[in-house]
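A closer look at the structure
What follows is the residue order along each chain.
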Amino acid sequence: MSRIIEECEIAIIGGGVIGLFVAYYLTKKGIDTVVIEKEDLCSGATGANDACLMAQSKKPGAKLDLAVESARQYQALADEINYDFEYSRKGSMIIFESEEDIETLRPFTKSQADAGLPVRFLDRKETFEIQPALSRHILASSYCSLDAEVNPFALLEGLSLAVLRQGGRLLRHKEVIGFEKDSDGMLSEIKMRDSALRAKTVVIAAGAHSRDVAALAGVDIPIYPRRGQILISEAISPLIGAYVMSAKAIASKHRAVSVKNAVQQQDGGKSKDSVQFGLGMIISQTVNGNMVLGVTHEFVGFDKGTTLKGLASVAKYTSTVIPALAQVNIIRSFGGLRPYSETGEYIIGPCDEVPNLILVTGHEGDGVAVAPACCLNVAQKIACGDWGRLFEAKNEYRSSAVPKRDIPIRVAD
Amino acid sequence: MMDDEKGKEKILICRCEEVSEEDVVQAIREGAHTVTAIKRKTRAGMGLCQGRTCERQIMRILCRELGVSPEELETGTSRFPVRPTPTRLIGELPHEPNY
C-alpha cells in the first residue's frame, strides 16, 4: 500500500550521469528536486563504460555541438563542484587500417573540422609520433585534441554531493513500480514499493530501462538495451598518447541498426556473430594506469553479463592494434547496457500524451560525453517551462517525433 | 603498516591500491555501506588481486562499524578472470574473427 512520504517540484527517475546532471543544474537554480534510483548511484551504463568523452565520434550537428559544449563545461566543473573526478585531456585518435577506411572517414574528419572541432588528419609518420605503441599496419589516423576521460564513479560522487549541498534529495534503492494520473492525464504520484512521491514534473533518465519506466506511464519509446563488454588491465605506465578508436567502429556507429533485423541475424546464426558483437573498439588508459579495452555491441535483452567469446574478440582486436597489450594482464571484465535509440537520435523532451513527463534518454554510448550540455539545456527548459526548440541545432530531439512501433521490449533472451 | 605524513602508523587494508583502515572507516561514515560502495569510493579491491585479499577485512570493518553480522552483508561482485591473465591468452579463446 502506498503512503505519501514526500512532495517535490521535480522528480528524476535514474541515478546515472544524466539524472545527476539534470538534478545538479536544477538544484543550482534552487528548484526542489528528488532523484530516485532503484539500485545505488552509478549502477547502470554510467558505471560500466569506457569513461571516454568523445567528440570525435560524433557527426556534425546537435550531437557534436553537445559534445564540444560538454567538454568545455567539464573543464570548469571540477572547480565548480570542488571535486576531482580525474578529468584527463589526452586527446583521441581514430586509426585507419585500410585505404577504404581513409576513403570513408576522411570526408567525415573534414566535416568535423569545418564545424569547428579541433580535429586533423595525421599521416603515418605523425600518427606514430603521437602513438608509438600502435601496430605498424596502421596507415593513418585522425586526431582530436579536445577529447578526454573522466572517472565516472568520482564524477557521480562529486555531483551527488553537490546536489545534496544545493538542497536536492537522493532516494537510493527505491524502485518505481507505477504512476498515478490525475483527471487531465498528468502524472500526479510516483509509486515505489513502500512509499510514494508527489511531483509536479517527472523526468525519466533511466538509461536502458527508460522504456520500461515510460511504459508504466503509458508511453512507448524505442529504447533497447545494447550490451558492451569491456576488459580492464592491471595498472601499467603510460602506454598510449591518446585514446584509440577504429575507423571501422566509427563507420558502424553511424549506420542505423534495425533492432529487429539485428536480433534476427543474431538468432539466425549465419552472418550472426559479427552482428552480435558489433563493431566497436576503444583503447584507453585511466589516470591510475589501468588499460580499458572494449567494446562489443550486442542486443541480448537485459543480460549485462560477459561472455568468453565477446571478451576474446575484444582482446584479439585491441592487441592487434597495440601489440604490447598482448603481454598486459587483464584483471577484470564487465558488461554494461547502453540505452540504444532505434531512431539513432536522443529522445529528449516532454511527451505529448503526458505533458508533465519529460524523457532524457537514448544516448547509447554518448551519455557521459554529452551529459553536461544536454542536461543544462533540459534543466533550463524545465525551469522556464517552454520547450520550444530544444537545442540550437538543425536536429530536433522530441519524443513526440518518435513513431510508435510494434516491437517487443525484450528483444532477446 | 605504513607511515602517514605525520609519522603515525596506518593499517593497510587493500595492499594493491594502498587503502588504509582509516580510509575505509571514513568511506563507511560517509554512507558507503557495501563492499562495492567502499570500492567505488576508495579503490579498495580495484587492484591486481581484485579484492581477493582485502574483501574479508573490509567486511569485518563493515560489521564492526554498522553493528551487523557478516551474513547480512553482500559480498563484492566476482568477475572474469579469476586471476590476472595476459590479453594474449584471452584473445586465443574462440572469438569472432571479423569483429
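Residues numbered from 1 in each chain as written. Chains lettered and ligands numbered in written order. Predicted model: local features only at pLDDT ≥ 70, side-chain atom pairs only at ≥ 80, totals over all residues.

1. Brief notes about the overall build of chain A
Selection rule: Put simply, DSSP marks the helices as runs of H or I at least four residues long and the strands as runs of E at least two long, and each gets a number from the N terminus on. Note on burial: count the other C-beta atoms lying within 10 Å of the residue's C-beta; 20 or more is buried, 12 or fewer is exposed, in between is partly exposed, and C-beta positions come from the backbone. Here, residues touch in the contact sense if the C-beta positions derived from the backbone fall within 7 Å of one another.
Secondary structure assignment for chain A yields eleven helices and 18 strands. Relative to its full complement of 413 residues, chain A shows a buried share of 55%. In chain A, once contacts between residues fewer than 6 apart in sequence are set aside, the share between residues at least 24 apart is 77%.

2. A closer look at the overall build of chain B
Scanning chain B from N- to C-terminus turns up four helices and five strands. In chain B, the succession of helices and strands from N to C terminus is β-β-β-β-α-α-α-β-α. Among the 99 residues that make up chain B, the fraction classed as buried is 33%. Contacts spanning at least 24 positions in sequence make up 43% of the contacts within chain B whose residues lie at least 6 apart.

3. Things to note about the interface of chain A and chain B
Worth spelling out the cut-off: Gly is put with the polar residues, along with every residue not named as nonpolar or charged; the nonpolar set is Ala, Val, Leu, Ile, Met, Phe, Trp, Tyr, Cys and Pro, and the charged set is Asp, Glu, Lys and Arg. Criterion used throughout: strands pair if DSSP finds at least two bridges between them.
In this complex, chain A contributes 28 residues to the contact, which on the side of chain B involves 21 residues. Each residue belonging to the side of chain A that touches chain B can be placed in one class, and the counts come to 14 nonpolar, seven polar and seven charged. Of the strand pairs in this sheet, strand β16 (residues 329-341) of chain A and strand β5 (residues 85-86) of chain B are connected by two bridges, and their pairing is antiparallel. Across the sheet, N329(A) pairs through a bridge with P86(B), a residue of β5(B).

4. Some words on the sheet that holds strand β15 (residues 290-294) of chain A
We apply this condition: Comment: axis = line fitted to C-alpha atoms, over the contacting stretch for helices; angle = value between 0 and 180 degrees taken between N-to-C directions.
Spatially, β5(A)-β6(A)-β4(A)-β13(A)-β14(A)-β15(A)-β12(A)-β16(A)-β5(B) is the arrangement adopted by the nine strands of the open sheet, whose pairing is mixed. Each edge of the open sheet is held by one strand with a lone partner, namely β5 (119-122) of chain A together with β5 of chain B. Note: strand β12 (residues 223-235) of chain A against β15(A), four bridges, orientation antiparallel. Bridge pairing links A235(A) to N290(A) in β15(A). Along the sheet face, helix α3 (residues 99-114) of chain A touches β4 (92-96), β5 and β6 (140-144) of chain A and points at about 150 degrees away from the line of β5(A).

5. Describing the nonpolar core
Our working rule: What makes a nonpolar core is a set of buried Ala, Val, Leu, Ile, Met, Phe, Trp, Tyr and Cys residues, with links drawn between C-beta atoms within 7 Å. In this entry, domain limits derive from an automatic or database-based domain assignment.
Judged by nonpolar contacts, the single largest core of 133 residues is most densely connected at A11(A), I12(A), I13(A), F21(A), V22(A), V203(A) and I204(A). Sorting elements by how many residues they give to this core places helix α11 (residues 367-384) of chain A first, with ten residues. In this structure, this core is formed jointly by two domains, domain 1 (4-49 + 153-223 + 343-401) and domain 2 (90-147 + 224-339) of chain A, each of which donates at least three residues. With residues near it in sequence (within four places) discarded, I12(A) still touches G19(A), V22(A), A23(A), T33(A), V35(A), I36(A), V203(A) and A205(A). Grouped together as the second largest cluster of nonpolar side chains are 15 residues, I13(B), V19(B), I28(B) and A44(B) included.

6. Notes on the confidence of the model for chain A
Definition in use: Each residue carries a pLDDT score, the predictor's confidence in it, ranging from 0 to 100.
Per-chain confidence: chain A averages 88 in pLDDT, with 87% of residues scoring 70 or above. Within the model, the stretch residues 268-275 of chain A combines pLDDT values under 50 with ten contacts to residues more than four positions away or in other chains.

7. Quick look at the packing of helix α2 (residues 62-81) of chain A against α11(A)
Residue and element names in this part refer to chain A. We apply this condition: Each angle receives one of four descriptions, namely roughly parallel if under 35 degrees, roughly antiparallel if over 145, roughly perpendicular if within 65 to 115, and oblique otherwise.
Contact pair α2 / α11: the axes reach a minimum separation of 7 Å and the direction vectors enclose 85 degrees. By the angle between their directions, the pair α2 and α11 is classed as roughly perpendicular. Of the residues in α11, those in contact with K63, L66, A67, E69, S70, Q73, Y74 and L77 of α2 are A369, V370, A371, P372, A373 and C374. Among the residues forming the contact of α2 with α11, the class breakdown is ten nonpolar, two polar and two charged.

8. Examining the domain arrangement of chain A
Residues and elements named next belong to chain A. Per the domain assignment, the segments of chain A are domain 1 (4-49 + 153-223 + 343-401) and domain 2 (90-147 + 224-339). Contacts between the two partners involve 14 residues from domain 1 and, on the opposite side, eleven residues from domain 2. For the side of domain 1 that touches domain 2, the class distribution of residues is four nonpolar, nine polar and one charged.

9. Some points on the environment of K28(A)
Structurally, the position occupied by K28(A) is in helix α1 (residues 17-28). Remark: the alpha-carbon pair of K28(A) and T104(A), spanning 76 residues in sequence, is separated by 44 Å.

10. A few points about unusual backbone geometry
Looking along the chain, the bond that leaves G294(A) and enters V295(A) is cis, with omega of 0 degrees. Within the secondary structure layout, V295(A) lies in the loop between β15 and α10 (308-321). In this chain, F80(B) is followed by P81(B) through a cis amide linkage whose omega measures -5 degrees. Counting through the fold element by element, P81(B) comes out in the loop between α3 (55-66) and β5. Phi angles above zero are rare outside glycine, and C42(A) is one such case at about 70 degrees.

11. A closer look at the environment of R198(A)
Within the fold, R198(A) resides in strand β11 (residues 196-204). Sequence-wise, R198(A) and F179(A) are 19 residues apart; in three dimensions their C-alpha atoms are separated by 9.8 Å.

12. Description of α11(A)
Residues and elements named next belong to chain A. This is how it is decided: To estimate the expected span of a helix, subtract one from its residue number and multiply by 1.5 Å.
With 18 residues, α11 should cover 26 Å at 1.5 Å per step; its first-to-last C-alpha distance of 24 Å lies within 8% of that length. For α11, a buried count of 13 out of 18 residues is recorded, marking the element as mostly surrounded by other parts of the structure. Trailing α11 by a residue or two, G385 shows a phi angle of about 75 degrees, which is positive.

13. Points about the confidence of the model for chain B
All names here are of chain B. Of all residues in chain B, 89% have pLDDT values of 70 or greater, and the mean over the chain is 90. By mean pLDDT, strand β1 (residues 2-3) is the weakest element of chain B at 58, and β5 is the strongest at 97. Reported for the predicted complex are a pTM of 0.90 and an ipTM of 0.89.

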